[in-house]
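Listed below are the residues making up each chain.
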Amino acid sequence: MAFALLAPVLIGAAGAAIDFARYSSIRSELQEIADSAALAGAREYLTNRNAADIAEKRAEYSANSLLQRAGGLDGASAFAEADDQQASVSVKAEFSYRPTLLVALYQSPLQIEVNSLAQVSGGANVCVLGLEETAGDTVYIEDNARLTGVDCSVYSNSTDPKGLLVKSSGFLDTAFNCSAGGYGENDRHFSSPPLPDCPKRDDPLAGRIEPAVGGCDHQDLTFKDHVGRIFPGVYCGGLIVDDASRVTLDAGIYVFKDGPFEVKSISRVDGDGVGLFFTGVNAGIKFEGKSAISLAAPETGAMAGVLIWQSKGVTGIDKFEIYSNFVDRLVGTIYLPDAEFIAAATAEVAEESAYTAIIAKKITLRKNTRLVLNTDYTRTSVPVPAGIANAGGALHLRR
């Protein structure tokens, strides 16, 4: 008799527990969908701070796609709102929940509503941008190499699932990392796990007018054990500095046409206010041996803020290579729209630079390279090209 009297209460309690568990599960799933959609929309603000319409559409598309794939959420809806001033996207998701066992206790379905807000904050500086859009390994770190940038963003425009790849004992230690495709091999290789499916970043130097190239001032020039200054001009066939040379570059633009700029053995090259422009066939850089390099970009003129610039459409050599352990100072922007930047040293590279930014088709670090990309713009009068300083950002989820 006691059981008979208590049975309705026990059944009701069990039913309430089942309905509450289902209610909680649906609410949690709805919240995850709203969070994912808000993040998807806010990613648009990483590259465009006037993207409200696009951000809202992206968030709503993401939410509706996730809702369609979810089980038991028929009739759920989502609405997104973007704010350009705050660089944020809010998503509200709603679902009418109908209890399974305790229907009689409810006059109408329970309305579940969740909200999510994702926002881009800060302005991390862009220190690496890989321009290749389809191939894997656009930004690639292997062996025991490491890229460090305290207030720095790394972007890969490749839509490949491994467009940003760090493997072996490599490590990427930067404030923010973003890949238009995916990344590999796993999160332990990153101080901040990259965001996949990011919008591609525009090339900030794409519209900049290249320096003028005149007739040849020098042809197939090689220095061995040379001590002295050399001067701006057009170096046809390239320039090789070898043996124990000590060369100072006077301020100005050095054009390397149809040949490379190579520094070998124990030679040293220094220069402030120097712009290195590469054009024609087989025009690239190779710093090898125990060569020492200390260079800073011009403060004014056609190459203001750009230390190394590869002309578009060059053929032959498509690699700019650093193998020396004594490339300590590279102040300015390295711009290689059709070439790969490769560092395969066993020591730090660019660590004494006030700032260094690399925009290249591909960026590769190997061996024990420690590429240090500083962003202390106040330590130098070399200007920072537009689209690099304070042009990144970090994505945060707020509810």
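The structure this text deals with has already been given above.
Conventions adopted
Residues numbered from 1 in each chain as written. Predicted model: local features only at pLDDT ≥ 70, side-chain atom pairs only at ≥ 80, totals over all residues. Heavy atoms only, no water. Helix = DSSP H or I, 4+ residues; strand = E, 2+ residues; numbered from the N terminus. Polar contact = N/O pair within 3.5 Å; in protein donor to acceptor, adjacent residues only side chain to side chain. Disulfide = S-S within 2.5 Å. Buried < 20%, exposed > 50% of the residue type's maximum accessible area, 1.4 Å probe, protein only. Salt bridge = Lys/Arg side-chain N within 4 Å of Asp/Glu carboxyl O. Core = buried A, V, L, I, M, F, W, Y, C linked by side-chain atoms within 4.5 Å. Contact = heavy atoms within 4.5 Å.

Engineer: How should I be thinking about the side chain of Thr369 in this particular structure?
Structural biologist: Secondary-structure assignment places Thr369 in the loop between strand 24 (356-365) and strand 25 (370-372). Engagement of the side chain of Thr369 in a polar contact is seen with the backbone nitrogen of Ala345, the distance being 2.8 Å.

Engineer: What exactly am I supposed to notice about the state of the cysteines here?
Structural biologist: Linking two cysteines covalently via their sulfur atoms produces the bond known as a disulfide. Throughout the structure, instances matching the rule amount to three disulfides. Disulfide pairing places Cys127 opposite Cys152 at an S-S distance of 1.5 Å. Pair noted here: Cys127 is in strand 4 (residues 125-130) and Cys152 is in strand 6 (residues 146-156), with a separation of 25 residues, a long-range link. The residues Cys127 and Cys152 share a single accessibility class, namely buried. The disulfide partner of Cys178 is Cys198, and the S-S distance across this bridge is 1.8 Å. One disulfide, between Cys178 and Cys198, carries an S-S torsion of -115 degrees and so falls in the left-handed class. Here Cys198 lies in the loop between strand 9 (183-184) and strand 10 (218-224) and Cys178 lies in strand 8 (residues 171-179), a separation of 20 residues in the sequence. Judged by its relative accessible area of 1%, Cys178 is buried. Look at the protein chain and number its bonded cysteines as they come in the sequence; the links are 1-2, 3-4, 5-6.

Engineer: Just to check I follow, could you spell out the pattern of salt bridges for this structure?
Structural biologist: Here the idea is simple: oppositely charged side chains can pair when their charged atoms come close. Under the criterion given, the structure shown has eleven salt bridges. One salt bridge in this structure joins Arg146 and Asp173, with 3.5 Å as the shortest N-O distance. Here the residue Arg146 occupies a position in strand 6, and Asp173 occupies one in strand 8, the gap between them amounting to 27 residues. Since its relative accessible area comes to 25%, Asp173 is described here as partly exposed. Arg329 is the partner of Asp272 in a salt bridge, and the nearest nitrogen-oxygen pair spans 2.9 Å. Of this pair, Asp272 sits in the loop between strand 16 (268-271) and strand 17 (274-279) while Arg329 sits in strand 22 (residues 326-343), and the two are 57 residues apart along the sequence. Accessibility expressed as a relative area gives 47% for Asp272, which makes it partly exposed. Accessibility expressed as a relative area gives 23% for Arg329, which makes it partly exposed.

Engineer: Please explain the nonpolar core as it appears in this structure.
Structural biologist: Side chains of nonpolar character tend, in soluble globular proteins, to be buried together. The biggest cluster of nonpolar side chains holds 110 residues, and the ones touching the most others in it are Phe261, Leu276 and Phe341. The residues contacting Leu276, other than those within four sequence positions of it, are Leu249, Tyr254, Phe256, Phe261, Ile285, Leu295, Met303, Leu307, Ile308 and Trp309.

That's the geometry; what it means functionally is another story.
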